[in-house]
Amino acid sequence: MATPTTSFMKEVLPSVLDSTSQPPTLFDGTTRLYMCYTCPFAQRTWITRNCKGLQEKIKLVPIDLQNRPAWYKEKVYPPNKVPSLEHNNEVKGESLDLIKYIDAHFEGPALLPDDPAKRLFAEELFSYADSLNKIMFTALSSKEDVGDEVGAALDKVEDALSKFDDGPFFLGQFSLVDIAYAPFMERYQILFSDVKNYDITKGRPKLALWFEELNKIDAYVQTRRDPQELLAHTKKRLGQIA
């Protein structure tokens, strides 16, 4: 399972669809990933698509989450969230389920190893992701200084990155686990520095190296947004003044 280092031309991203936009021709055999450029959950699926080399097979359909088209809920995905994937005349949702689905059902490099121990650890880390996000976003929303709970959560990430020594990523080699964590860790690095004056990598060399190696992967880098845009967007969602 090789790290996807192949360079590809920067994709021309489609325009965002809002409440005034017409829907695509639904269920016409085209595989579509409904997403939002600034949503970390959607970014997981976008990175996976890129890593598999599926830019031509899976079309991006970006949605304006602040001004959603009515047809998205009515005709595509009743939960009205992103991401969702239109494939084989069905629409599926939930980002962690979707990255596994895309990896299993489409061509391209495998993004989970065969090693049973690594697969078991992958499932542990998938399960922990929501707990980590709750701790981190709660801390960002608080007026208090960064507490022990955040430090302990980040130390758990550091320990996880130390488990396998055959590479700098969670399972040694780059995998779906890194894809699941990358959009959120990217935001935490920016937000904790800005809002809390706290460097999440300080004293965590494995995490610092993980960011460094992650930023060498085109499939991920091409999904990144401008840090100031992410900062403003996330602060607004947290109810803070940007």
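Above this text sits the structure in question.
Residues numbered from 1 in each chain as written. Predicted model: local features only at pLDDT ≥ 70, side-chain atom pairs only at ≥ 80, totals over all residues. Heavy atoms only, no water.

(A) Summary view of the pattern of salt bridges. Taken as a whole, this structure holds 14 salt bridges when the rule is applied. A salt bridge links Lys-59 to Glu-56; the nearest nitrogen and oxygen atoms lie 3.7 Å apart. Glu-213 is the partner of Lys-216 in a salt bridge, and the nearest nitrogen-oxygen pair spans 3.0 Å. (Salt bridge = Lys/Arg side-chain N within 4 Å of Asp/Glu carboxyl O.)

(B) Highlighting helix H5 (residues 148–160). Between its first and last C-alpha, H5 extends 18 Å over 13 residues, near the 18 Å set by a 1.5 Å rise per residue. The complete set of buried residues in H5 reads Val-150, Gly-151, Ala-153, Leu-154, Val-157, Glu-158 and Ala-160. (Helix = DSSP H or I, 4+ residues; strand = E, 2+ residues; numbered from the N terminus. Expected span 1.5 Å × (residues − 1). Buried < 20%, exposed > 50% of the residue type's maximum accessible area, 1.4 Å probe, protein only.)

(C) The side chain of Lys-196, seen in detail. With respect to the secondary-structure elements, Lys-196 resides in helix H6 (residues 176–196). Buried charge Lys-196 goes without a salt bridge, the closest partner of opposite sign being Asp-145 at 6.2 Å. Separated by 3.3 Å, the side chain of Lys-196 and the backbone oxygen of Ala-139 make a polar contact. Sequence-distant contacts of Lys-196, defined by excluding residues within four places in its chain, comprise Ala-139, Leu-140, Ser-142, Lys-143, Glu-144, Val-146 and Leu-191. (Lys, Arg positive; Asp, Glu negative; His and termini not counted. Polar contact = N/O pair within 3.5 Å; in protein donor to acceptor, adjacent residues only side chain to side chain. Contact = heavy atoms within 4.5 Å.)

(D) Structural detail: the pairing of strand E2 (residues 58–62). Burial runs high along E2: four of the five residues are buried. In terms of strand pairing, strand E1 (residues 31–35) meets E2 through five bridges, oriented parallel. When the sheet's bridge partners are listed, Met-35 is paired in E2 with Pro-62. Between E1 and its parallel partner E2, the chain crosses via helix H1 (residues 40–51), and the hand of that crossover is right-handed. (Pairing = 2+ DSSP bridges. Right-handed = clockwise from strand over helix to strand, strands pointing away.)

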